[in-house]
Amino acid sequence: MASDDAALDGDDSLERDSLHGATPERVRRAIRDSDPLPGGTGFGGYVDLADGTPALVRDVLGRVPVFVEAAAADPTTDEAWAFDRRALAEPRPVPAGTVLTAANERRVWTLPDSRADAAAAAQTDVDEAIRGSIAAGGVGADSDSGDDVAVAFSGGVDSAIVAAGAPDAPCYVAGFEGCHDVAAARTAAAAMDRELHEVRIDHDDLRAAVPAVAAATGRTNPMDLAIAVPLYCTARAAAADGHDRLLLGQGADELFGGYSKVVEPADDRRVEAETVRGARDETLRTLPAQIERDVGAIRAAGIEPVTPLLADRVVAAALRLPGSLLATPDERKIALRRAAEGMVPESVRTAEKKAVQYGTYVSRELDRLARQAGFKRRMDDHVERYVESVLLESGSLEPSADER
């Protein structure tokens, strides 16, 4: 994901073609110091180590996905790795936090142990980190204006904060007719006096998007597709309008306690942790796999994702929040919402939002298409079986031996 490291460390266009998000010197320093959060918004790709050894790297949260051929003897050769999994025959992701050479794969970076600072100090740090990050926000890092930037805008506090950092950028929301996300985005955009582009998805769009997203992400399960398809449709519309960067609020739920399962984790079977902070840390560890999916879908649409709320300075501040500023039975993302005071209208700051797969109706309409195609709910995994049929028809999935 895009970073302002070029402005901080200088730029070498040849090296930045093979290393995204940071300069080689910054990565080498991070390796030397075992520093998981060296500044910026993540990095990944090829770098020569201090001793000249060729290596592939991926930051601690995996914000820049990197893939290698599963059977490659030397994964660092040009033909053995790629940022786009579609360029490889049998891609496997480089694990987050890893330095990979021809000789070995070693975990160099892990997230620092979260610790709870005093509530007032922790909130101040989050306020400053978020405001600093959205002020950079990828806008102006590589160009003199923000004309090439758009915002993925769902009407929730996450995307509203990000939009506040790019006040002249148009906002985009995708969804089926009558869905929650489009209605919420319309209300929030009016409150913020923002230009909103509504991208309407219909069944034809959904059928066409499924093979494209599956190929770009390597995911064929209905849940991942229902999350990635709206991102793809949003990104495609923004790219078609001439934008080359898409600002998103990704990471806010994982960092700031946005999931219901972190509220009372001791009584929730979806997490192993028994404390709010422990459950937050557990969900944070799911980010690398989610980022692979989301980045793949967005880049397949021809635009670069930018995630200011996943900047190192924001991650470091969020890890120091006490549980009382993450989630309670009455409120989630408490510190994030407090940081948004004065940045976004109160109605937007306090708004609740549905998960994207439900708020856009994509999950519901995938189910509807499956049933219309004869895959009834009484069948096991009926939506997944329908998705497989769509992929087979499009040529994106090879038939199994007993289907040939």
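Right, let's walk through the structure included here. All residue numbers refer to positions counted from 1 along the written sequence of the respective chain. Residue-level local features of this predicted model are given only where pLDDT is at least 70; pairs of side-chain atoms are given and counted only at 80 or more, and the full residue set underlies all totals for whole chains, interfaces and linings. Hydrogen atoms and water are omitted, and side-chain values are computed over all heavy atoms in the structure.

Focus on the sheet that holds strand β3 (residues 54-58)
Pairing between the strands of a sheet is mediated by backbone hydrogen bonds and can be parallel or antiparallel.
Phase 1 of the analysis: Here a strand pair is declared whenever DSSP counts at least two bridges between the two strands. Secondary structure elements follow DSSP: runs of H or I no shorter than four residues count as helices, runs of E no shorter than two count as strands, and numbering proceeds from the N terminus. Across the sheet, five strands lie side by side as β1-β2-β3-β7-β8; this open sheet has antiparallel pairing. This sheet does not close on itself; its edge strands, each paired only once, are β1 (19-20) and β8 (105-107).
Phase 2 of the analysis: Taken together, the three bridges between β3 and strand β7 (residues 98-100) define a ladder with antiparallel strand orientation. Across the sheet, the residue bridging to R58 is T98, located in β7.
Phase 3 of the analysis: For this analysis, residues touch if any pair of their heavy atoms sits within 4.5 Å. In this analysis an axis means a line fitted to C-alpha atoms, helices contributing only their contacting stretch, and an angle means the value between N-to-C directions, from 0 to 180 degrees. Contacts between helix α3 (residues 24-33) and the sheet are confined to β1, β2 (44-48), β3, β7 and β8, with β2 contributing the most and set at about 85 degrees to the helix.

A closer look at the side chain of D281
Phase 1 of the analysis: Relative to the assigned elements, D281 resides in helix α10 (residues 276-284).
Phase 2 of the analysis: Leaving out residues up to four positions away in the same chain, D281 has contacts with S114 and L319.

Topic: the pattern of salt bridges
Phase 1 of the analysis: A side-chain nitrogen of Lys or Arg and a carboxyl oxygen of Asp or Glu constitute a salt bridge if their distance falls within 4 Å. Enumeration according to the criterion identifies 33 salt bridges in this entry.
Phase 2 of the analysis: A salt bridge links R207 to D204, with the nearest nitrogen and oxygen atoms 3.0 Å apart. Of this pair, R207 and D204 are both found in helix α7 (residues 203-217), three residues apart, which corresponds to roughly one turn of the helix.
Phase 3 of the analysis: Across the pair D268 and R270 runs a salt bridge, and its minimum N-O distance is 2.7 Å.
Phase 4 of the analysis: Working definition: with a 1.4 Å probe on protein chains only, accessible area under 20% of the residue-type maximum means buried, over 50% means exposed, and in between means partly exposed. On the basis of relative accessible area, D268 is assigned to the buried category, the value being 16%.

Digging into the sheet that holds strand β4 (residues 67-69)
Phase 1 of the analysis: The three strands are arranged β5-β4-β6 in an open sheet whose pairing can be described as antiparallel. On the outer flanks of this sheet lie β5 (81-82) and β6 (91-93), each paired with one strand and no other.
Phase 2 of the analysis: As defined by bridge partners, β4 adjoins β6 across three bridges and the pair is classed as antiparallel. Note that in β6 the partner of F67 across the bridge is P93.

Some details on helix α6 (residues 180-192)
Phase 1 of the analysis: What a helix is expected to span follows from its residue count: subtract one and scale by 1.5 Å. Taking 1.5 Å as the rise per residue, α6 with 13 residues should run 18 Å; its terminal C-alpha atoms sit 18 Å apart, in good agreement.
Phase 2 of the analysis: Within α6, the full set of buried residues consists of D181, V182, A184, A185, A188, A189 and M192. Down the axis of α6, the smallest arc covering the buried residues is 160 degrees, so these residues share one side. When the buried face of α6 is taken as reference, the exposed residues oriented beyond 90 degrees from it are T187 and A190.
Phase 3 of the analysis: On its buried face, α6 is in contact with α5 (157-164), β10 (171-175), β11 (196-200), α14 (346-349) and α15 (356-359).
Phase 4 of the analysis: Looking one or two residues past α6, D193 carries a phi angle of roughly 55 degrees, positive in sign. Each C-beta atom gives one direction from the helix axis, and the arc is the one those directions make.

A word on the packing of α7 against helix α17 (residues 382-394)
Phase 1 of the analysis: Interhelical geometry of α7 versus α17 gives an angle of 80 degrees and a closest axis separation of 10 Å. Between α7 and α17, the angle is such that the two are roughly perpendicular. Listed contacts from α17 to R207, V210, P211 and A214 of α7 are Y386, V387, V390, L391 and S394. Here roughly perpendicular refers to angles of 65 to 115 degrees, roughly parallel to angles under 35, roughly antiparallel to angles over 145, and oblique to all remaining angles.

A short note on the side chain of R219
Phase 1 of the analysis: Along the chain, the position of R219 falls in the loop between α7 and α8 (222-240).
Phase 2 of the analysis: Whenever two N or O atoms come within 3.5 Å, that pair is a polar contact, provided that in protein one can donate a hydrogen and the other can accept it, and provided that, for residues adjacent in sequence, both atoms are side-chain atoms. At 2.6 Å, the side chain of R219 and the backbone oxygen of A289 are in polar contact.
Phase 3 of the analysis: Those residues in contact with R219 that lie beyond four places of it in its chain are A214, D224, L225, A289, E292 and R293.

Observations concerning the pairing of β2
On a regular strand, one side chain projects to one face of the sheet and the next to the other, so that they alternate.
Phase 1 of the analysis: Where β1 lies against β2, two bridges are found, and the strand directions are antiparallel. By the bridge assignment, L19 is partnered in β2 with G45.
Phase 2 of the analysis: Both β2 and β3 contribute to a ladder of five bridges, which runs antiparallel. Its bridge partner being in β3, D48 is matched across the sheet by P54.

Here's the deal with the packing of aromatic side chains
Phase 1 of the analysis: Centre distance within 6.5 Å is the pairing criterion for rings of Phe, Tyr and Trp, where only the six-membered ring of Trp is used; planes under 30 degrees apart are then read as stacked, over 60 as edge-to-face, and the remainder as tilted. Following the criterion strictly, the structure yields three aromatic pairs and no others.
Phase 2 of the analysis: Ring geometry for F43 against W109: centres 5.3 Å apart, planes inclined by 80 degrees, an arrangement best described as edge-to-face. In this pair, F43 sits in the loop between α3 and β2 while W109 sits in the loop between β8 and α4 (119-136), placing the two residues 66 residues apart along the sequence. Side by side, F43 and W109 carry an identical accessibility label, which is buried.
Phase 3 of the analysis: Ring geometry for F375 versus Y386: centroids 6.1 Å apart, planes at 65 degrees, classification edge-to-face. Taken together, the residues span a long stretch of sequence, with F375 in the loop between α16 (362-372) and α17 and Y386 in helix α17 at a distance of eleven residues. For the residue pair F375 and Y386, the accessibility class agrees, reading buried in each case.

Some thoughts on the environment of L255
Phase 1 of the analysis: Within the secondary structure, L255 sits in helix α9 (residues 252-256).
Phase 2 of the analysis: Judged by its relative accessible area of 0%, L255 is buried.
Phase 3 of the analysis: For the pair L255 and D281, spaced 26 residues apart in sequence, the C-alpha separation works out to 7.9 Å.

All quantities given are derived from atomic positions and should not be read as evidence of function.
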